Amino acid sequence: MFEQLFGLPAHPLIIHAAVVLAPLAALLSAAYALVTAWRPRLGWAVVALSIAAPASVFAARQSGLALKDHLFPDGVPGPMAATIGDHEGFATPLLWTTTGLGLAGLLMVLAGPRLGKVPAAALSGVTVLLALAAGFYVIRAGHTGAIAVWG
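These figures come from a predicted structure and were not determined experimentally. Residue indices begin from 1 for each chain and proceed along its sequence in written order. Predicted model: local features are reported for residues with pLDDT of at least 70 only, side-chain atom pairs are reported and counted for 80 or more only, and whole-chain, interface and lining totals are derived from all residues. The basis for every side-chain value is the complete set of non-hydrogen atoms in the structure, without hydrogens or water.

What follows covers the confidence of the model for the chain. Any region with low pLDDT has predicted coordinates that should not be read closely. A score from 0 to 100, pLDDT tells how confident the predictor is in each residue. When pLDDT is averaged along the chain, the result is 94; 99% of the residues meet or exceed 70. Helix and strand definitions here come from DSSP, where helices need a minimum of 4 consecutive H or I residues and strands a minimum of 2 consecutive E residues; each element is numbered from the N-terminal end. Mean pLDDT across the elements of the chain bottoms out in helix H5 (residues 112–115) (83) and peaks in helix H4 (residues 91–110) (97).

Okay, here's the thing in structure tokens:
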């Protein structure tokens, strides 16, 4: 399922969704958490990105694993193994942080107004931290992926 799209390798196509949606989710979730005046305008986008970003990262991770298995069925050879291993090593933390960010974003928008000031502020703080972590991991995954391909 994650190996090809329209006869082309799926990973290079799918990663573009993750590269756009994960940072956008991080930025808009952090903005929603920090700027209360923007909340009415950003709520729908945070909800949509809270679902779409983790889904796109999951698809990117799965398609990357499928591409690696297709290109290197007997294992990655030589020095390329370390380069691909570095890139692959950022996939799971990126998936966990975007999933956490998605859950925090959904909670902020859907339950935040009913939580009270202190829990809502704590949730906002957690959301900002998860947004920073997701931003870090998407940059590292993208950078190491570019090095693996263009090297």
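The subject of this paragraph is the layout of surface pockets. Definitions used for this entry: grid spacing 1 Å over protein atoms alone; cavity, a set of points where a 1.4 Å probe fits but cannot get out; pocket, an open set with protein on both sides within 12 Å along at least 5 of 7 lines; lining residue, one with an atom within 4 Å of a point. Grid points are joined across faces, edges and corners, and a volume is the space filled by probe spheres set on the points. In this model, the largest pocket occupies a volume close to 780 Å³. In this structure, the largest pocket is lined by 30 residues; those nearest its centre are His-11, Ile-15, Gly-64, His-87 and Gly-145. Elements that contribute at least two residues to the lining of the largest pocket include exactly helix H1 (10–34), helix H2 (39–71), helix H3 (80–89), H4 and helix H6 (117–150). For this scheme, ten residues count as nonpolar: Ala, Val, Leu, Ile, Met, Phe, Trp, Tyr, Cys and Pro. Four count as charged, namely Asp, Glu, Lys and Arg, and the remainder, Gly too, count as polar. For the lining of the largest pocket, the per-class residue count stands at 21 nonpolar, 6 polar and 3 charged.

With that settled, consider the packing of H1 against H4. Every axis in this analysis is a line fitted to C-alpha atoms, fitted for helices over the stretch in contact. Angles between the N-to-C directions lie between 0 and 180 degrees. The N-to-C vectors of H1 and H4 enclose an angle of 35°; their axes lie 10 Å apart at closest approach. Considering how the two elements wind past one another, H1 and H4 form a crossing that is left-handed. Listed contacts from H4 to Ala-22, Ala-25, Ala-26, Ser-29, Tyr-32 and Ala-33 of H1 are Thr-98, Leu-101, Met-108 and Val-109. Residue composition of the contact of H1 with H4, grouped by class: 8 nonpolar, 2 polar and no charged. For any helix crossing, the convention is left-handed if the near helix is rotated counterclockwise from the far helix by under a right angle, and right-handed if that rotation is clockwise. Any two residues having at least one pair of non-hydrogen atoms within 4.5 Å are treated as being in contact.

Between side chains of opposite charge, a pair can form as their charged atoms come close. In what follows, salt bridge is the name for a side-chain nitrogen of Lys or Arg lying within 4 Å of a carboxyl oxygen of Asp or Glu. Taken as a whole, this structure holds 1 salt bridge when the rule is applied. Across the salt bridge formed by Lys-68 and Glu-88, the nearest N and O atoms sit 2.9 Å from each other. Here Lys-68, found in helix H2, pairs with Glu-88, found in helix H3; they are 20 residues apart in sequence, far enough to count as distant. Its relative accessible area of 30% is what places Glu-88 among the partly exposed residues. Think of it in three bands: with a 1.4 Å probe and only protein chains considered, a residue is buried below 20% of the maximum accessible area for its type, exposed above 50%, and partly exposed in between.

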